[in-house]
Amino acid sequence: MSASDCPQPQGRPLTSGLGCSRTAADPAGLHLPACPALRPPRTPSPRMRRARPGAGVPRMPAAGGGQAEPGPRGGPLRQRESRRLPARPAAPPAPSAGPARPAALALVTLLSFASRFHRLPEPPHVCWDETHFGKMGSYYINRTFFFDVHPPLGKMLIGLAGYLSGYDGTFPFQKPGDRYEQHNYVGMRGFCAFLGSCLVPFAYLIVLELSKSLPAALLAAFILIFDTGCITLSQYILLDPILMFFLMGAVLSMVKCNSCADRPFSASWWFWLSLTGVNLAGAMGVKFVGLFVVLLVGLNTIYDLWDLLGNLSLSLVMFGKHLLARVLCLILLPLALYAAMFAVHFTVLNKSGPGDGFFSSAFQSQLIGNNLHNVSVPEHLAYGSVVTMKNLRMAGGYLHSHWHLYPEGIGARQQQVTAYLHKDLNNLWIIKKHDSDTDLSDPSSPVEFVRHGDIIRLEHKETSRNLHSHQHEAPLTRKHFQVTGYGINGTGDSNDFWRIEVVGRKAGKLIKVLRSQVRLTHVATGCILGSSGKTLPKWGWEQVEVTCTPYLKESPNSLWNFEDHINPKLPNISLDVLKPSFAEMLLESHMVMIRGNSGLKPKDNEVTSKPWHWPINYQGLRFSGVNETDYRVYLLGNPVIWWLNLVTIGLYLLIAVSTAVALKRGVQLTTELKELSRVVLRGGGQITLGWLLHYFPFFMMGRVLYFHHYFPAMLFSSMLTGITWDALLKFCAGFLSPSTTARKVYRGGFLTLVLLITYSFYLFHPLSYGMIGPMASDPSSPMAGLRWMDSWEF
């Protein structure tokens, strides 16, 4: 059909601005839009239909057609002015879904695996945080209990990969630079590289699903394939590739489930919804920052449910089914899997190890080899009992004293009281009444139990000095009172009296070994005995400071539990009776991890960074080597890619705002431009929200931060770059005529970006695959001239 066959609107010449093709066949292959008169009417989907008052009255189309619209108060109909973009031919559409898409997926997957597995065994020594996560993999193989600030899934998978690949768990992973020698480490690196390689096809499929554009998906994939930072982070024994695998898996499952919205409760819909929940559990099980992708999926789910609630053709019963399906797959399933990870963690790590001291005495009693394992002690405290007291802060230590005195100028020159991290005879104290010095060790004397609210005296068993406090200032912590050992053979003064209180108990209740959390309040001053966590100087044997704090805020620093308990007049019970339940162990583990995360401090000479450094690629991290003779690997993003991503974020915001304003003002768009606007606003909006959620929370964190924390956000910015530049090139091509010129502009822009990314990788690939020889500051270095910022250290 020729263009003259199209019905021409009255008073308007027939131009290409109508979006009509001039011939039935499109020789240019751009699939230009057909005449509006020939387009079949769209049948609204059930989710788009709404029953409204006055539905029979003609309404203006959403795109701003020429129909009349009822007045705001039932007055005469008024004609809205029609607006349209002065567009010429439409932009090039996405390629057809023929064999090109599977072939493209195979290509990017092959390139991804090749780039991640290239020179994987190099260097053959421990690099950066392999010293932590490789060691933790060894602990799982040896079933030795340890403590880490992250949930256990990532380390369990590393340990499993090592075990299956023949690693025996004997390498010590003491420090970076230690050579692996005969130990099989490639299996653990290969596992991380495999998961890191999967990020590229995941990103390709996500962008393809959101944009329906093969070039956009390919551009996003090429960005991740040729980014030196992503390659480096994927080639070593680290948690980051495992975290990003589950994160991208969750996003891919989410967008796939959204694409099945027209087929709710079908097999594919259930599959993708359930897989989203599995990936959420995986992301949370590797690091707590997995919460960010949980929030992203949660916001998407809320939006989806809100849209369903407004669909008046959907019954409330059916809406309830939608709600229950999401609760089941996105809340209950992830929680069950997350708890199962910890159940496996506690079951496998059943031997005493370096993590014991971070946990409560009751928790430690479950570990084989711990001095509390299979021990029988009296259950309730009594006067005359010999006990040890453990502080509940992380690595708080045992209440301890010794013959050494505080030095001159440090409060009163009395016996030191500290917290000591190890078992020792100087940790033993005798519980006595405050107003009596009766010999309670006499077998004929009656047993009298210690109760909540009693006033007691604690006598140090080895030195016979009483636990004492007064208003002298503590050695290190200002405005806290000094705690000392005072008196001779248990005889002291009223500053030796302490009120014992159990958290959450009523007066008169008995006090249990291991389980009761107690607070000791100094009767004379009202201060509370606690451990500050500060390390004393050499005069204090570098043990932990104990103070009496006048601030009554309850914290683990001021809480204690009784661990060892010796009293021959009381019957012993097995500690198995007092063992914590799984729920209590799970809760305690999370409390310890959260405290550990918030208390992380940088090590000596460690390179930390601030969140504003990350998008501009301000500073990298040394993974291996420092000197010219070392095999150097430097974690730094491909500068061209990272700066392109940064510029694209601003560009996307400009395009999105312009598009939203145009739609709001009723500008009439061609069908292709409408679809492109939907991709920009809906698809690009979802990716932008993911970037925001994975980046801006770091500005509010008080813990130490590192450059690699930005890489989950970088995945989203890379996908946004693919969507944004594809849309921009189509917008630009849409204003050009003839169609061959539009195609040349589009393809030329795409190829320019791909070549720029590829060439920049050629320049900077030694950062990932290793450098030996002069530093970049030396003119003879192969990296000379590539140190574009003074803060780069390669």
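Here is what the cut-offs are and how they apply
- Residues numbered from 1 in each chain as written.
- Predicted model: local features only at pLDDT ≥ 70, side-chain atom pairs only at ≥ 80, totals over all residues.
- Heavy atoms only, no water.
- Helix = DSSP H or I, 4+ residues; strand = E, 2+ residues; numbered from the N terminus.
- Buried < 20%, exposed > 50% of the residue type's maximum accessible area, 1.4 Å probe, protein only.
- Contact = heavy atoms within 4.5 Å.
- Areas by Shrake-Rupley, 256 points an atom, 1.4 Å probe, with all protein chains shown as cover.
- Disulfide = S-S within 2.5 Å.
- Axes fitted to C-alpha atoms, helices over the stretch in contact; angles between N-to-C directions.
- Parallel < 35°, antiparallel > 145°, perpendicular 65-115°, else oblique.
- Left-handed = near helix turned anticlockwise from the far one by under 90°.
- Nonpolar A, V, L, I, M, F, W, Y, C, P; charged D, E, K, R; others polar.
- Polar contact = N/O pair within 3.5 Å; in protein donor to acceptor, adjacent residues only side chain to side chain.
- Salt bridge = Lys/Arg side-chain N within 4 Å of Asp/Glu carboxyl O.
- 1 Å grid on protein atoms, 1.4 Å probe; cavity = no way out; pocket = protein on both sides within 12 Å on 5 of 7 lines; lining within 4 Å.
- Points joined across faces, edges and corners; volume = space filled by probe spheres on them.
- pLDDT = per-residue confidence, 0-100.
- Phe/Tyr/Trp six-rings, centres within 6.5 Å; stacked < 30°, edge-to-face > 60°.
- Lys NZ or Arg CZ within 6 Å of the ring centre and 35° of its normal.
- Patch = residues over 30% accessible without salt bridge, like charges linked within 9 Å, V, L, I, M, F, W, Y side chains within 5 Å.
- Expected span 1.5 Å × (residues − 1).
- Core = buried A, V, L, I, M, F, W, Y, C linked by side-chain atoms within 4.5 Å.

*Asks:* What is the right way to read the overall build of the chain from this model?
*Replies:* A count of helical and extended segments in the chain gives 18 helices and 20 strands. Relative to its full complement of 794 residues, the chain shows a buried share of 52%. Put simply, 74% of the contacts in the chain that link residues at least 6 apart link residues at least 24 apart. Carbon and sulfur atoms form 62% of the exposed surface of the chain, whose accessible area is close to 35,700 Å².

*Asks:* I would appreciate a short explanation of the state of the cysteines in the present structure.
*Replies:* The bond known as a disulfide is covalent and runs between the sulfur atoms of two cysteines. This model, assessed by the stated rule, comprises 1 disulfide. Note that cysteine 527 is cross-linked by a disulfide to cysteine 548, the S-S spacing being 1.9 Å. Handedness of the cysteine 527-cysteine 548 disulfide follows from its S-S torsion of about 95 degrees: it is right-handed. Taken as a pair, cysteine 527 in the loop between β13 (518-522) and β14 (528-535) and cysteine 548 in strand β15 (residues 544-549) lie far apart in primary sequence, 21 residues in all. Judged by relative accessible area, cysteine 527 falls into the buried class, the value being 0%.

*Asks:* Is there a simple way to think about the packing of helix α14 (residues 639-664) against helix α16 (residues 711-733) in this case?
*Replies:* The relative placement of two packed helices comes down to the angle between their axes together with the axis-to-axis distance. With their axes 8 Å apart at the nearest point, α14 and α16 run at an angle of 55 degrees to one another. As judged from the angle between their axes, α14 and α16 are oblique. Between α14 and α16 lies a crossing of left-handed hand. Here Ile641, Trp642, Leu644, Asn645, Thr648, Ile649, Leu651, Tyr652, Ile655 and Thr659 of α14 come into contact with α16, specifically with Phe711, Met714, Ser717, Ser718, Leu720, Thr721, Thr724, Trp725, Leu728 and Phe731. Per-class residue counts for the contact of α14 with α16 are 13 nonpolar, 7 polar and no charged.

*Asks:* I keep staring at unusual backbone geometry and nothing clicks. Help me out?
*Replies:* With the exception of glycine, the majority of residues adopt a negative phi angle, and the majority of peptide bonds are in the trans configuration. That bond from glutamate 122 to proline 123 is cis: its omega, -10 degrees, falls within 30 degrees of zero. Despite not being glycine, phenylalanine 265 shows a phi value in the positive range, around 70 degrees. By secondary structure assignment, the location of phenylalanine 265 is in the loop between α8 (240-259) and α9 (267-286). On the basis of relative accessibility, which here comes to 27%, the residue phenylalanine 265 falls in the partly exposed class. Positioned with a positive phi, asparagine 617 is a non-glycine residue whose angle comes to about 60 degrees. Tracing the backbone through its elements, the reader meets asparagine 617 in the loop between α13 (582-598) and β18 (621-624).

*Asks:* Would you mind showing me how to read the side chain of glutamine 482 here?
*Replies:* Within the element layout of this structure, glutamine 482 appears in strand β11 (residues 481-486). A polar atom in the side chain of glutamine 482 sits 2.9 Å from the backbone nitrogen of alanine 412. Side chain to side chain, glutamine 482 and histidine 470 meet in a polar contact 2.8 Å long. Once you skip the residues sitting within four places of it in the chain, glutamine 482 turns out to touch Tyr406, Ile410, Gly411, Ala412, His468, Ser469, His470, His472, Glu473 and Ala474.

*Asks:* So what exactly am I meant to see when it comes to the pattern of salt bridges here?
*Replies:* Between side chains of opposite charge, pairing is possible as soon as their charged atoms come close. Applying the stated criterion to the full structure yields 19 salt bridges. Aspartate 304 is paired through a salt bridge with arginine 326; the nearest N and O atoms lie 2.5 Å apart. Highlighted residues: aspartate 304 in helix α10 (residues 291-309) and arginine 326 in helix α11 (residues 316-348), separated in sequence by 22 residues. With a relative accessible area of 13%, aspartate 304 lands in the buried category. A salt bridge links lysine 433 to glutamate 448; the shortest N-O distance between them is 2.4 Å. Of this pair, lysine 433 sits in strand β8 (residues 429-433) while glutamate 448 sits in the loop between β8 and β9 (455-460), and the two are 15 residues apart along the sequence. Residue lysine 433 is classed as partly exposed on the basis of its relative accessible area, which comes to 23%. With a relative accessible area of 39%, glutamate 448 lands in the partly exposed category. Overlapping salt bridges, with partners in common, bring together Glu209, Lys212 and Lys256 in one network.

*Asks:* Can you help me understand empty space enclosed by the protein in this one?
*Replies:* It is a probe the size of a water molecule, rolled over the atoms, that shows where empty space is left. Applying the stated criterion across every chain, the model contains 7 cavities of 30 Å³ or more. Its boundaries defined by the atoms lining it, the largest cavity holds a volume of some 110 Å³. In terms of lining, the largest cavity is formed by 15 residues, of which the most central are Phe146, Asp148, His150, His345 and Met593. For the lining of the largest cavity, the secondary structure elements donating two or more residues are α11 and α13. For the lining of the largest cavity, the element with the highest residue contribution is α11, accounting for 3 residues.

*Asks:* Would you take a moment to explain the confidence of the model for the chain for this structure?
*Replies:* Keep in mind that low pLDDT regions are not for reading the predicted coordinates in detail. For the chain, the average pLDDT comes to 84, and 86% of its residues sit at 70 or higher. Across residues 1-97, where pLDDT falls below 50, the model places 150 contacts with residues more than four positions away in sequence or in other chains.

*Asks:* What should I look at first to understand the environment of proline 774 in this one?
*Replies:* Tracing the backbone through its elements, the reader meets proline 774 in the segment after α18 (766-769). You can call proline 774 partly exposed: its relative accessible area is 23%. For the pair proline 774 and threonine 629, spaced 145 residues apart in the sequence, the C-alpha separation amounts to 8.1 Å. Apart from the residues lying within four places of it in its own chain, the contact partners of proline 774 are Glu628, Arg632, Ser780 and Ser781.

*Asks:* Can you walk me through the packing of aromatic side chains in this structure?
*Replies:* To describe a pair of aromatic rings, you give the distance between the ring centres and the angle between the ring planes. According to the stated counting rule, one finds 53 aromatic pairs in the structure shown. Between phenylalanine 292 and phenylalanine 698, the aromatic rings sit 5.9 Å apart at their centres with planes inclined by 80 degrees, giving edge-to-face as the arrangement. Note that phenylalanine 292 is positioned in helix α10 and phenylalanine 698 in the loop between α15 (671-695) and α16, a separation of 406 residues in sequence. Counting every residue linked through ring pairs, the aromatic cluster contains Phe292, Trp614, Trp642, Trp691, Tyr695, Phe696, Phe698, Phe699, Phe707, Tyr710 and Phe711. We note lysine 433 situated over the ring of tyrosine 383; from NZ or CZ to the ring centre the distance is 5.7 Å.

*Asks:* Can you help me understand a nonpolar patch on the surface in this one?
*Replies:* A surface patch of nonpolar side chains, about 890 Å² in accessible area, is lined by Leu295, Leu299, Ile302, Trp612, Leu689, Leu692, Phe696, Phe699 and Met700. Going through the elements one at a time, α10 and α15 are the ones with two or more residues in the nonpolar patch. The element contributing the most residues to the nonpolar patch is α10, with 3 residues. With respect to the helices and strands, tryptophan 612 occurs in the loop between α13 and β18.

*Asks:* Can you help me understand helix α3 (residues 153-164) in this one?
*Replies:* Helical periodicity: at 3.6 residues per turn, an α-helix aligns residues three or four positions apart in one direction. Here α3 is 12 residues long and its end C-alpha atoms lie 16 Å apart, about the 16 Å a rise of 1.5 Å per residue gives. Of the positions making up α3, those classed as buried are Leu153, Gly154, Lys155, Met156, Ile158, Gly159, Ala161 and Gly162. Among the structural elements, α2 (130-142), α4 (186-197), α8, α9 and α11 are those in contact with the buried residues of α3.

*Asks:* I tried to follow the nonpolar core on my own but got confused; where do I start?
*Replies:* If you look at the biggest cluster of nonpolar residues, it comprises 147 residues, and the most contacted ones within it are Tyr204, Ile206, Met248 and Phe623. Excluding its chain neighbours within four sequence positions, the residues that come into contact with methionine 248 are Leu199, Phe202, Ala203, Ile206, Leu715 and Met719. Ala419, Ile511, Leu520 and Cys527 belong to the second-largest nonpolar core, a separate cluster that totals 35 residues.

*Asks:* For this particular structure, what's the right way to read helix α6 (residues 214-225)?
*Replies:* Spanning 12 residues, α6 covers 16 Å between terminal C-alpha atoms, matching the ideal 16 Å at 1.5 Å per step. α6 sits mainly inside the fold: 12 of its 12 residues count as buried. Listing the buried residues of α6 in full gives Leu214, Pro215, Ala216, Ala217, Leu218, Leu219, Ala220, Ala221, Phe222, Ile223, Leu224 and Ile225. Contact partners of the buried residues in α6: α1 (100-117), α5 (199-211), α7 (228-234), α14, α16 and α17 (739-764).

*Asks:* What is the right way to read the packing of α8 against α10 from this model?
*Replies:* Between α8 and α10, the least distance of the axes is 10 Å, while the angle of their chain directions is 10 degrees. It follows from the interaxial angle that α8 and α10 lie roughly parallel. Residue-level inspection shows Leu247, Ala250, Val251, Met254 and Asn258 of α8 in contact with α10, the latter providing Val293, Leu296, Val297 and Asn300. Each residue belonging to the contact of α8 with α10 can be placed in one class, and the counts come to 7 nonpolar, 2 polar and no charged.

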